[in-house]
Amino acid sequence: YSRTFKLYITTKMSNPHYLPEISTKVAIVNFMITKEGLEDQLNEIAVAKENIDLADLKAKLIIEGYQNKRQLEEIEHQMLDILKNSQGNILDDEKAVEVLSKSKELATEIEEKQQ
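Remember, it's a predicted structure, so these values are computed and weren't measured experimentally. (Residues numbered from 1 in each chain as written. Predicted model: local features only at pLDDT ≥ 70, side-chain atom pairs only at ≥ 80, totals over all residues. Heavy atoms only, no water.)

S.K.: What is the right way to read the pattern of salt bridges from this model?
M.R.: Pairing of side chains with opposite charge becomes possible as their charged atoms draw close. Inspection of the entire model under this criterion finds three salt bridges. Across the pair E21 and R70 runs a salt bridge, and its minimum N-O distance is 3.6 Å. Of the two residues, E21 is situated in helix α1 (residues 20-25) and R70 in helix α3 (residues 52-85); the sequence distance between them amounts to 49 residues. For E21, a relative accessible area of 23% puts it in the partly exposed group. E44 is paired through a salt bridge with K58; the nearest N and O atoms lie 3.4 Å apart. With E44 in helix α2 (residues 35-50) and K58 in helix α3, the pair connects residues that are 14 residues apart, well separated along the chain. (Salt bridge = Lys/Arg side-chain N within 4 Å of Asp/Glu carboxyl O. Helix = DSSP H or I, 4+ residues; strand = E, 2+ residues; numbered from the N terminus. Buried < 20%, exposed > 50% of the residue type's maximum accessible area, 1.4 Å probe, protein only.)

Structure below.
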């Protein structure tokens, strides 16, 4: 680890999308200037300076949203694996029914958090 190390990455993409974990740990400079973009950047800077708690909350909500999305994807994969590996009638497989019902509860809970 060196404090003098710097890494610059450029892209030709007009609006690149980075994972929330990356966005909160690096400084992203967007040289594409629009009035709305400048307003958003100025608002974000003002909120970060004036209300640090609100800026931290925003970063936490972004990360939580990404984690919830990842959990939903994992649930989908679990359900697909259960359906793929089930033998005969899926309703007769108690383990499959239990996993599917837990998945439904967790998915409902995550959707409520997102709203």
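Past the structure itself, the notes keep going.
S.K.: For this particular structure, what's the right way to read α3?
M.R.: Side chains that are three or four residues apart share a direction in an α-helix, a result of its 3.6 residues per turn. Compared with an ideal rise of 1.5 Å per residue, which puts 34 residues at 50 Å, α3 spans 49 Å between its outermost C-alpha atoms and is within 8% of the ideal. Summarising the contacts, the buried residues of α3 are in contact with α4 (94-114). (Expected span 1.5 Å × (residues − 1). Contact = heavy atoms within 4.5 Å.)

S.K.: I tried to follow the packing of α2 against α3 on my own but got confused; where do I start?
M.R.: How two helices pack is summed up by the angle between their axes together with the distance between the axes. At a closest axis distance of 5 Å, the pairing of α2 and α3 adopts a crossing angle of 120 degrees. Here α3 runs oblique to α2, going by the angle between their axes. Where α2 approaches α3, its residues E44, V47, A48, K49 and E50 are matched on the opposing element by I52, L54, A55 and K58. (Axes fitted to C-alpha atoms, helices over the stretch in contact; angles between N-to-C directions. Parallel < 35°, antiparallel > 145°, perpendicular 65-115°, else oblique.)

Bear in mind that shape data such as this cannot, by itself, settle questions of function.
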